[in-house]
Structure formats: structure tokens, C-alpha cells
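Here is what each chain is made of, one letter per residue.
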Amino acid sequence: MRIAMIGTGYVGLVSGVCLSDFGHTVTCVDTDAAKIDRLRAGQVPIYEPGLDQLMVRNAEAGRLRFTTDLAEALEGADAAFIAVGTPSRRGDGQADLSYVMAAARDVARLAHDGLVIVVKSTVPVGTNARVAAEIAATAPDLSFDIVSNPEFLREGAAIEDFMKPDRVVFGCKSERAAGVMRDIYRPLFLRSFPIVETDLESAEMIKYAANAFLATKITFINEIAALCERIGADVREVSRGIGLDGRIGPKFLHAGPGYGGSCFPKDTRALARTAQEVGIPLQIVEAVIGSNETAKRRAVEKIFELCDDSVANKTIAVLGVTFKPGTDDMREAPALTIVPALIGAGAHVRVVDPKGRVEGAALLPSVTWEDDAYAAAADADAVVLLTEWNAFRALDLPRLAGGMRTRRFADLRNVYPIDALRAAGFDRIVGVGRPGYG
Ligand code: NAD
């Protein structure tokens, strides 16, 4: 199969690279010329474990190319995937479809008959039908098929997720398009990964329902954690106790400072907005959105409490600012709420993050970046563990505490046992949903 992949962000680049590894010939196209230059030079512009080797291997094998020229990418293509961004629209939180629609019009102008146009971007129900109408209006004589093929990969584990998915979902209206999609994903059919073939609207809905459900699970345990703190239970025991129930499952039950990232915040907002627009408000999803803001605020309050209700002129070392470990993505990371709140209250904030510095430098302009946790904690008044990178999971705690002015630790990911923190010399500790602080 010959494939054009439009958009080389986290999803487009990983999808393009993985599809070329399946044996397809893939041309990735992006409007960002600097990005394409870097990709051509064999440099991956994002941090995603394993992506650089896989990209270089397939580029060297002649199956993977990069261009800014959409016409070149579409030449002889069986399918064109649209994997551009769908950020939140300012004002109402609905998905901003301007990039998707612009890409669709560009494809329409250059497409040949028989092209299968696949929307991989996360788009509200009804968007694929709108995309098809837009293409038909732009190129009235073009015969094409439209397919919705939402992506479920997780940043930080994206290659594994694409190559060994829990499922592949695609929605389409014609048997011909379904046949092309089966050919594209054939390596996964052969290895018996579940494929959900459905209609356009159901495929669109599956993506939003999945993300809303996962955001709900995180938010649920964050609320339970707050209650645990008040009544003296330990949320880690509660998570384990409920997660062992096969109907619930253990994943997404780790209490923390609220969810962030490039998907859950914007997709829950867009879903809630869609539901309001059609008069079927999703009360649970709306509550989740509000509760997640509360979780981030609660994290700020914990740090204030740890610092005797004032962080003014205190030095705070923040370990990890990306929205989760394994990615350089800072989009809607809890750190973007928490760190400015500390700075706004007069704190001096030092930050260390294995991969977040390039993205984070512009978003957190008033912090001092350090190379490791010990440098960040030297003479500091408090340490805040915000993102549980491996580098922060096995710290030499006595060394960390030994260099500090006052030994306070906010473990917002519940990485360390309280006893271990105490034994290391920390005398003031907060976690999330755990008893025994002091
Ligand atoms: P991104 O912002 O990282 O990348 C989008 C890319 O598209 C950019 O490189 C941009 O330059 C390019 N682009 C924009 N308009 C273009 C055009 N007309 N032609 C060519 N290139 C164009 O976005 P992302 O994180 O990869 O997300 C893409 C979509 O996938 C979104 O809808 C998102 O919700 C969805 N998604 C993301 C993830 C994730 O983990 N990031 C997971 C599943 C689904």
C-alpha cells in the first residue's frame, strides 16, 4: 500500500513510521518546513522511546519519506491519513477543526479518483461526514471514500501501542474502503489483534467515550484520595483493593495531582460541548472536568500547607513537569497550574525534568532549570515530586534531604513510603490520599 500521512506530530509521525514498518510505502507531509528538515536529517522532533531507530531503519529501507509537498505525498497513494491537531477552541471548549478542514480541502484539490481519505485526528461525532461534504464541495468530480480511524496510542509507549493495540477501530461506509483499511492493518489481523469495523459516527464516539471513561477513572480515585486523607484511609490500599476486581481493573487508579496531557482535557471538554449542543448533557463528564481542576488546586494547597501556608521567598524544587513520564509533551500538564501558582505566591522554583526542558522553557519562563534532583534540592525549602520519571523513583533520599535548608517533601505521585522519607531525614511530608503525614 502507498500511504500519505498528513501531520507529523505525536500521532502522525508514530503512525507513519509504524505503517512503514508494516511494509507499506509511507510519505509523511507537514506544513512545518523546519520539522520536515529535521526528519529528513534523521532527527525525531519529539521524545518518544524507540521512535528514532525505527524511523531511521524504515527511511533507509526506502519505505519512509518526508516532504512539505502534499502533491508528492499523494502521488499514487491508496490512502491519505489526516493526523493534524484538534486543539480546544477558545471560548466554548469544542474541538477546533480548522486544521482538519484545511487539510481536507488541500487533499481534495490534489486527490485522484479512488483515494481513501482517513481521518485519524480525534474529531467530534459528525465531523467525518462534514469532511466528506467539504471534499465533495471542493472537488465535485472526485470519487473518494472517507474513513474514521481514531488513534489510541499513549505517548511514552506509542510504538508498542501502535504495533500491539488493544484494538483497531475504523468506521466507513463502503466495502471498498473497508478492504483498503484491512489491507493497511493486515499485519495486525494476522496477529489476531481485535479490529472493530463500524460506522463513521460510532468510530468517532468510541474515541471520545474511551478518553472520557479513563479521565473519569482517574478523577474518581483522586476524589476518593481526598476523602481518604480526611478519614484516615490509604488510597493506595483502596486502589489495590478495588482494582483487583476484574470488573474494575487496576489501571488508571493512581491518585495524583490531576490529569493533564494533549488528550484528556481537550477531549472531555469537546465531548461535553457536543453533548450540550444536542441537548443531552453528560453530567458525569462535566463533573470530571470540574473535579480535575479541584485536584490541581488541592495539589497547590498541599504544597502551601507543607510550607506553613506561605511559600514567599522559599525555594521549591519541582521534580518533573511533563504531564506524565516518558514524553516531552507539556500540553495541559498539572505543572502549568501548580508552578505558576507557587511563583505567583513568591516562591523561587527550581525545575528538573529529563525531557521537558525544551518545551517547558517557554511555558515556565520564571523557573531555574537544574540538571538533577540533588542540584535542584540544594538549600531548598521543599521538594515536590510532580511527575514520576524513573530518574525520580530511586533517589538517594538521605543525600537529597541532606542538602536542603528545611526538609519538606510533597510526594504528589505516592512514589515513596512515608517511613523511607522519614528515615532519610524529611520531617514534613505530604502525599496523596495517605495517612501519617506530619
Ligand atoms: P500535534 O500538534 O503534535 O501535531 C500536528 C501536526 O500537524 C503538526 O506537526 C502540524 O504542523 C501539522 N499540520 C497542521 N496542519 C497541517 C496541514 N494542513 N498539512 C500538514 N500538516 C499539518 O498533534 P498530535 O498530538 O499528533 O495529535 C493529532 C491528533 O491525534 C489530534 O486530533 C489528537 O487529539 C489525536 N490524538 C493524539 C494522541 C496523543 O497522544 N498525542 C493520541 C491519540 C489521538
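Residues numbered from 1 in each chain as written. Predicted model: local features only at pLDDT ≥ 70, side-chain atom pairs only at ≥ 80, totals over all residues. Heavy atoms only, no water.

### Focus: the overall build of the protein chain
Which entries qualify depends on this criterion: The helix and strand labels rest on DSSP assignments: H or I over at least four residues marks a helix, E over at least two residues marks a strand, and numbering proceeds from the N terminus. All radius of gyration figures rest on C-alpha atoms, and the globule criterion is 2.2 Å times the number of residues raised to 0.38. Each residue is placed in one exposure class: buried if its accessible area under a 1.4 Å probe, protein chains only, is under 20% of its type's maximum, exposed if it is over 50%, and partly exposed if it falls in between. Residues are treated as being in contact if the distance between any of their heavy atoms lies within 4.5 Å.
In terms of helices and strands, the protein chain carries 18 helices and 14 strands. Since a compact globule built from 438 residues should have a radius of gyration of about 22 Å, the 23 Å found for the protein chain is in line with a globular shape. Here the protein chain holds 438 residues, and the buried ones make up 52% of them. Taking as baseline every contact in the protein chain between residues at least 6 positions apart, the subset at least 24 positions apart corresponds to 71%.

### Some thoughts on the sheet that holds strand β2 (residues 25-29)
Backbone hydrogen bonds hold the strands of a sheet together, and the pairing may be parallel or antiparallel. What counts here: Between any two strands, pairing holds if DSSP finds at least two bridges. Axis lines are fitted through C-alpha atoms, for helices just across the contact stretch, and the angle between N-to-C directions can take any value from 0 to 180 degrees.
Judged by pairing direction, the sheet is mixed, and its 8 strands sit side by side in the order β3-β2-β1-β4-β5-β6-β7-β8 without closing on themselves. A single partner strand is all that each edge strand has here, and the edge strands are β3 (64-67) and β8 (195-198). With direction set aside, neighbouring strand axes in the sheet form an average angle of 20°.

### Describing the sheet that holds strand β11 (residues 368-369)
The 6 strands lie next to each other as β11-β10-β9-β12-β13-β14, forming an open sheet whose pairing is parallel. With one partner strand each, in any of the chains shown, β11 and β14 (428-430) form the two edges of the open sheet. Bridge analysis of strand β10 (residues 348-352) against β11 gives 2 bridges, and the strand direction is parallel. Bridging from a neighbouring strand, V351 pairs with W369 of β11. Seen against the sheet, helix α13 (residues 283-306) touches β9 (315-319), β12 (382-385), β13 (408-411) and β14 and runs at an angle of roughly 170° to β14.

### Some details on the packing of helix α12 (residues 264-277) against α13
Convention followed: If you view the pair so one helix is near and one far, a crossing is left-handed when the near helix is turned anticlockwise from the far one by less than a right angle, and right-handed when it is turned clockwise.
At their nearest, the axes of α12 and α13 sit 9 Å apart, and the two run at 145° to each other. Crossing angle aside, the handedness with which α12 passes α13 is left-handed. Only V285, E286 and I289 of α13 make contact with α12, whose side of the interface consists of T268, R269, L271, A272 and Q276.

### Quick notes on the site of the ligand
Here is the rule we go by: We call a residue near a molecule or strand when any one of its heavy atoms sits within 4 Å of it. Under the rule applied, a polar contact is a pair of N or O atoms within 3.5 Å (in protein, one hydrogen donor and one hydrogen acceptor; residues adjacent in sequence only if both atoms are side-chain atoms). For the area figures, the Shrake-Rupley method with a 1.4 Å probe applies, and any residue is considered shielded solely by the protein chains shown. Residues are grouped as follows: Ala, Val, Leu, Ile, Met, Phe, Trp, Tyr, Cys and Pro are nonpolar; Asp, Glu, Lys and Arg are charged; all remaining types, including Gly, are polar.
Near the ligand there are 26 residues, and of these D30, K35, T86, E155 and K266 occur at the shortest range. Between the ligand and the protein, one listed contact pairs an oxygen atom with a backbone N or O atom of V11 at 2.8 Å. For the ligand, whose accessible area on its own is 840 Å², the fraction buried by protein is 87%. Of the residues in the shell around the ligand, the class split is 9 nonpolar, 9 polar and 8 charged.

### Side note on helix α6 (residues 127-138)
Quick reminder of the rule: For a helix, the expected span equals 1.5 Å multiplied by the number of residues minus one. Here the arc refers to the set of directions running from the helix axis out to each C-beta atom.
In a regular helix each residue adds 1.5 Å, so 12 residues correspond to 16 Å; α6 covers 16 Å between its end C-alpha atoms and thus fits that length. Burial in α6 covers these residues: T127, N128, V131, A132 and I135. Each buried residue of α6 sits inside an arc of 145° when the element is viewed along its axis, so together they form one side. As for α6, its buried residues are in contact with α5 (98-110), β5 (115-119), β6 (144-148) and α10 (200-231).

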